Amino acid sequence: NIVFMILKQKEFFCKIYGHKYDSKIRIIDFGNSQIDIIDKVSSKYTVEKCKEHFKLPLDKYIVHVGYNACKEQQHLEIIKNVVSLPQEYLKKMKFVFHMSYGYSDDYIVYKQQLQQTMDTYRMDYSIIEDYLQGENLAMFRRTCSIFLYGQKTDARSASPLEYVYSGAIFICPEWLSENYKLFDEGNIKYYVYNQFQDLNRVLEQSIRRLEKSEEIISLFGREKIQEKKSWKSLSKEWRSLYE
């Protein structure tokens, strides 16, 4: 068998090799064990408790930017466009950069550039370099009000799914939006921007939605993510490859 996580990967494969392997191709995503841990943490800790655990303010919206230290997350490009938001909105937000892996050789310089940019515009932020897993990671996801994403490429990364499942608003670049059609299936509203210059408008819309206390993800939305991403659902499909 030839297994791909998403349809887009299969389409790319077929452009190169044609359709002579179609009978061998299966599209099966990897299961995400973190989803069940998020459920467990949600039953034990409120969002406020999760924020306190990471020393994050209770009176601000916590905006996570990317999920690792790779330059491909384009943290700087995101922030340089977010700063044009009115101060009334920026004062309501604390930006969090999780830099626990994906370091490049010039990471120290890149980190300093990010810090300098945030300091220049007097934006409230934290850079977290601890490697998180299990309940700690689930609690960290729960602190997030808005997840800002700008990675150059991905194949439906687990991290955005975990953020959305935890109740965060997802802001996704148009060039990756096709990979997250799962949210459409779950009637989960998320925001798409075409270029970085659109970010301030989309982020402002997200803040307004939070201020209205609108539901971010319904029970149906969570069930759809469970169906498509939990090992409970996917293990049977993977096992069938060996039967």
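The coordinates are above.
Definitions and cut-offs
Residues numbered from 1 in each chain as written. Predicted model: local features only at pLDDT ≥ 70, side-chain atom pairs only at ≥ 80, totals over all residues. Heavy atoms only, no water. Buried < 20%, exposed > 50% of the residue type's maximum accessible area, 1.4 Å probe, protein only. Helix = DSSP H or I, 4+ residues; strand = E, 2+ residues; numbered from the N terminus. Pairing = 2+ DSSP bridges. Core = buried A, V, L, I, M, F, W, Y, C linked by side-chain atoms within 4.5 Å. Contact = heavy atoms within 4.5 Å. Axes fitted to C-alpha atoms, helices over the stretch in contact; angles between N-to-C directions. Parallel < 35°, antiparallel > 145°, perpendicular 65-115°, else oblique. Nonpolar A, V, L, I, M, F, W, Y, C, P; charged D, E, K, R; others polar. Patch = residues over 30% accessible without salt bridge, like charges linked within 9 Å, V, L, I, M, F, W, Y side chains within 5 Å. Areas by Shrake-Rupley, 256 points an atom, 1.4 Å probe, with all protein chains shown as cover. Salt bridge = Lys/Arg side-chain N within 4 Å of Asp/Glu carboxyl O. Phe/Tyr/Trp six-rings, centres within 6.5 Å; stacked < 30°, edge-to-face > 60°. Lys NZ or Arg CZ within 6 Å of the ring centre and 35° of its normal.

## Things to note about the pairing of strand 3 (residues 61–65)
Part 1 of the argument: The buried count for strand 3 comes to 4 of 5 residues, which makes it a mostly enclosed element.
Part 2 of the argument: When strand 3 meets strand 4 (residues 93–98), the two strands line up parallel, connected through 4 bridges. Note that in strand 4 the partner of isoleucine 62 across the bridge is lysine 94.
Part 3 of the argument: Pairing between strand 3 and strand 6 (residues 146–148): 3 bridges, direction parallel. Of the residues in strand 6, the one forming a bridge with valine 63 is isoleucine 146.

## A few points about the nonpolar core
Part 1 of the argument: Residues Ile79, Val82, Met93, Phe95, Phe97, Leu148 and Ile171 are the most contacted members of the largest nonpolar core, which totals 35 residues.
Part 2 of the argument: Among the elements that make up this core, the one with the highest residue count is helix 10 (residues 199–211) (5 residues).
Part 3 of the argument: Setting aside anything within four residues of it in sequence, one finds isoleucine 79 in contact with Val65, Phe95, Phe97, Leu114, Thr117, Met118 and Met123.
Part 4 of the argument: Ranked by size, the runner-up nonpolar core spans 33 residues in total, among them Ile128, Ala138, Phe147 and Tyr165.

## Thoughts on the side chain of serine 145
Part 1 of the argument: By secondary structure assignment, the location of serine 145 is in the loop between helix 7 (134–142) and strand 6.
Part 2 of the argument: A residue is classified by how much of its surface remains accessible, and serine 145, at 11% relative accessible area, is buried.
Part 3 of the argument: Non-local contacts of serine 145, meaning those with residues more than four positions away in its chain, are made with Tyr61, Ile62, Ala168, Ile169 and Leu210.

## Some thoughts on the packing of helix 4 (residues 75–82) against helix 6 (residues 107–120)
Part 1 of the argument: Between helix 4 and helix 6, the shortest axis-to-axis distance is 10 Å and the interhelical angle comes to 10°. With respect to helix 6, the element helix 4 is oriented roughly parallel. Where helix 4 abuts helix 6, its residues His75, Leu76 and Ile79 lie against Tyr110, Gln113, Leu114, Thr117 and Met118.
Part 2 of the argument: Broken down by class, the residue content of the contact of helix 4 with helix 6 amounts to 5 nonpolar, 3 polar and no charged.

## Side note on a nonpolar patch on the surface
Part 1 of the argument: Nonpolar side chains collect at one region of the surface, where Phe12, Ile16 and Tyr17 lie side by side and expose about 350 Å² of accessible area between them.
Part 2 of the argument: Within the secondary structure, phenylalanine 12 sits in helix 1 (residues 7–17).

## Notes on the packing of aromatic side chains
Part 1 of the argument: In total, this model carries 20 aromatic pairs according to the counting rule given.
Part 2 of the argument: Here the aromatic rings of tyrosine 180 and phenylalanine 183 are separated by 5.9 Å at their centres, their planes lie at 20°, and the arrangement is stacked. Phenylalanine 183 matches tyrosine 180 in its accessibility class, with the two residues each being buried.
Part 3 of the argument: By way of ring pairs, the aromatic residues Tyr67, Phe147, Tyr149, Tyr163, Phe170, Tyr180, Phe183 and Tyr190 are connected into one cluster.
Part 4 of the argument: The ring of tyrosine 165 carries arginine 222 above its face, with NZ or CZ at 5.9 Å from the centroid.

## Description of the side chain of histidine 64
Part 1 of the argument: Secondary-structure assignment places histidine 64 in strand 3.
Part 2 of the argument: Discounting chain neighbours no more than four positions away, the residues touching histidine 64 are Val96, Phe140, Thr143, Cys144, Ile146, Phe147, Leu148 and Tyr163.

## Things to note about the sheet that holds strand 5 (residues 125–128)
Part 1 of the argument: The 6 strands lie next to each other as 5-4-3-6-7-8, forming an open sheet whose pairing is parallel. Each edge of the open sheet carries a strand with a single partner, namely strand 5 and strand 8 (191–193). Here the average twist between neighbouring strands, direction ignored, is 20°.
Part 2 of the argument: Where strand 4 and strand 5 come together, 4 bridges link them in parallel fashion. The residue of strand 5 that forms the bridge with phenylalanine 97 is isoleucine 127.
Part 3 of the argument: Across the sheet, helix 6 lies against strand 4 and strand 5, angled at about 165° from strand 5, the strand it touches most.

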